[in-house]
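A structural walkthrough
Single-letter residue listing:
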Amino acid sequence: MGKIARLLGPMLLLLVFARPAAADTAAVTLTLGRDGVLHVREEVTLAGGAVTRTPPLRARLDDSNDRVYRISNVKGATFDGTTLTIAASGTVEYDVTGAVTPVAGGEELRWFAASGPLETVTVRVTGPAQVRSLACFAGDLTGAIGCTAAAMDEAAEYAEFEQQGLAAGQLLTVVVGFPAGTTGATPLLEHRFSLATAFTLDVVTGGSLVLLLVLLLGGLWLVYWTRGRDARVIGAESGSHAAREGGRFTPPDGVRPGQIGTLIDEQADVIDVTATVVDLAVRGYLRVDEQPRQAYDAPDWLLVKLPKAPVAELLPYERELYEAIFDLRDAVLLSQLAGGFSAGLGRVRDALYRDVVKQGWFARRPDAVRSRWTVLGILVTVLGLAGTVALALFTTYGLLGLAVIIAGAAITVGGQYMPAKTALGATALAHTLGFREYLASGDVGDVPAAERTELFSRYLPYAVIFDSVDRWARVVASITTEGDNLYWYHGPAEWDLSKFAASMRTFVMTTSGAISPARQFRTF
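Since we're looking at a predicted model, the values are computed, not measured.

Overview of the overall build of the chain
Within the chain, the secondary structure is distributed over 13 helices and 23 strands. Burial statistics for the chain: of 524 residues in total, 42% are counted as buried. For the chain, contacts bridging at least 24 residues in sequence account for 73% of all contacts bridging at least 6. Total accessible area on the chain stands at roughly 26600 Å², and carbon and sulfur atoms take up 58% of it.

Given below as structure tokens:
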């Protein structure tokens, strides 16, 4: 007897566990409304615990767009935007928007009615019009295997589908056709970002880009043509000017060296200040004493304040420079210019810009005009960047944003040329350029020897501006004087005017170097 029990025991256990297990089933009813919203009602029978479903709510439509489905008004389950959780057997209801697509001659309803694992699922579809066609697929999302059964009633009022054994991860997709105009609904599309599509180049985007560039850059050119160009001067105002009358130095339009530099390039430069230092010396406000040095010592100069100099006659920017150099001192080495000198150069720069406006050569300060256009260009560029990002993310017209970026960059660069001279300023510039022509090629042989020392010295600061220092320093060095020094430039012992050209070239370079670290002026 015990032996029989031992034989029957495993067989009884095998019979118990081989019995078919209870499985989940679902009966689904899909009702399409006239507004294109699909109402889903599902009778769910669960053999075990809660189940979760992740319906495919996004599908690739083309290179630029995804088709999306939106679920709302969920009852009998919970939905977190991605996953539908069914806790127990019962009725689950929800609405789907975006399930209808216009097709040739009609409309097509497509929805993923159920997802496995399900032992049996049935689906019934009704709508506001007769069913014209139907199809169903079971398996993967992109699969083409038909479902177990599909049919419609004789009156074409509804379609029914059935699927046996829907495995985990598989879907039952139903497709039902209705007449055109049944709902008038269209699919929901969302633009999908990709660099390939965001900057699509075709007839529309390319033509729009060219048109926008023409409008923006053409508008910028028009603004420059009407507001940024210097006033025109008559031809008689141009030509060589010797800047000498009756044996006296008469600069064209009374323009000082520092003013000339700002007038020519509309910038207050290092070289403008350097030339002004030389000009103050030759006009008797200070003296330049070259210091003795050994072979390997750095060159240095002592700037000496001259007594009884008519400081009150200096222009504001010259007065600022004069005070920045000496700063309550009677003399200072060029190598020791620092501290208050650097701070004073900022005031010199501002005074130079105010001066060219006061002279009537510019209607507005050139630096202020450049700043306004630079700020505008930066703002347009930033706007273009933001527009490009937005257009690239949501459309295929990213190239149009690039046009705005290009226009912003053009405004930033072109704004540097927007300061415009008045008619008075353009005339002064024409005379100044004529003076430059004379300094570059003028004949000095007709200047009486008695006038050469002062006259050629007065030319020298202008030669600094016009980059003709070597030529005019040699001319000055050729002057025959009673001593070895000039009235405004003294050399050390055993120094004579034959060394002046080299000394002057080094002085200009060293002075410019002393000014440059202040960062108040543009460098060469």
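Re the sheet that holds strand β7 (residues 78-79)
The 3 strands lie next to each other as β3-β8-β7, forming an open sheet whose pairing is antiparallel. Strand pairing shows two members of the sheet lacking a second neighbour, β3 (51-53) and β7, which therefore form its edges.

A short note on the packing of aromatic side chains
Counted by the stated rule, this structure contains 14 aromatic pairs. A ring pair is formed by tyrosine 69 and phenylalanine 112, whose centres lie 5.6 Å apart and whose planes are at 80°; its orientation type is edge-to-face. Remark: phenylalanine 112 occurs in strand β11 (residues 106-115) and tyrosine 69 occurs in the loop between β5 (65-68) and β6 (70-75); sequence separation between them is 43 residues. Using a relative accessible area of 5% as the deciding quantity, one classes tyrosine 69 as buried. Ring centres 5.5 Å apart and planes at 40° place the aromatic pair tryptophan 221 and tyrosine 224 in the tilted group. With a gap of 3 residues between them, tryptophan 221 and tyrosine 224 both fall in helix α3 (residues 203-228), about one helical turn apart. On the basis of relative accessibility, which here comes to 51%, the residue tryptophan 221 falls in the exposed class. Members of the aromatic cluster, connected to one another through ring pairs, are Phe435, Tyr459, Tyr462 and Phe466. Just above the ring of tyrosine 158 sits the side chain of arginine 124; from NZ or CZ to the centre is 3.6 Å.

Some words on the environment of arginine 370
With respect to the helices, strands and loops of the structure, arginine 370 is situated in helix α8 (residues 366-394). Look at arginine 370 and you get buried, because its relative accessible area is 5%. Here the alpha-carbon distance between arginine 370 and methionine 418, two residues 48 residues apart in the chain, equals 6.7 Å. Among residues more than four places away in sequence, those in contact with arginine 370 are Glu266, Gln267, Tyr353, Gly415, Gln416 and Pro419. At a separation of 3.3 Å, a polar atom in the side chain of arginine 370 contacts the side chain of glutamine 267.

Structural notes on the pattern of salt bridges
Within this structure, the stated rule accounts for 18 salt bridges. Two residues, glutamate 93 and arginine 41, come together in a salt bridge whose shortest N-O distance is 3.2 Å. With glutamate 93 in strand β9 (residues 90-97) and arginine 41 in strand β2 (residues 38-45), the pair connects residues that are 52 residues apart, well separated along the chain. Using a relative accessible area of 36% as the deciding quantity, one classes arginine 41 as partly exposed. The partner of aspartate 367 in a salt bridge is arginine 365, and the shortest N-O contact between them spans 2.7 Å.

What about the sheet that holds strand β23 (residues 489-490)?
Reading across the sheet, the 4 strands line up as β22-β21-β20-β23 and stay open at both edges, with mixed pairing between neighbours. Because the sheet does not close on itself, it has two edges, and the strands there are β22 (331-333) and β23. Looking at chain direction, strand β21 (residues 301-305) and β22 are connected through 3 bridges and run antiparallel. By the bridge assignment, leucine 302 is partnered in β22 with leucine 333.

Things to note about the nonpolar core
Of all hydrophobic cores here, the largest spans 66 residues; its most connected members are Leu303, Leu321, Ile325, Trp488, Phe500, Met504 and Phe507. Tallying contributions element by element places helix α5 (residues 270-282) first for this core, with 9 residues. In contact with methionine 504, other than residues within four places in its own chain, are Val278, Leu460, Val469, Ala473 and Trp488. Membership of the second largest hydrophobic core comes to 41 residues, among which are Leu32, Leu38, Val174 and Phe178.

Rules behind the numbers
- Residues numbered from 1 in each chain as written.
- Predicted model: local features only at pLDDT ≥ 70, side-chain atom pairs only at ≥ 80, totals over all residues.
- Heavy atoms only, no water.
- Helix = DSSP H or I, 4+ residues; strand = E, 2+ residues; numbered from the N terminus.
- Buried < 20%, exposed > 50% of the residue type's maximum accessible area, 1.4 Å probe, protein only.
- Contact = heavy atoms within 4.5 Å.
- Areas by Shrake-Rupley, 256 points an atom, 1.4 Å probe, with all protein chains shown as cover.
- Pairing = 2+ DSSP bridges.
- Phe/Tyr/Trp six-rings, centres within 6.5 Å; stacked < 30°, edge-to-face > 60°.
- Lys NZ or Arg CZ within 6 Å of the ring centre and 35° of its normal.
- Polar contact = N/O pair within 3.5 Å; in protein donor to acceptor, adjacent residues only side chain to side chain.
- Salt bridge = Lys/Arg side-chain N within 4 Å of Asp/Glu carboxyl O.
- Core = buried A, V, L, I, M, F, W, Y, C linked by side-chain atoms within 4.5 Å.

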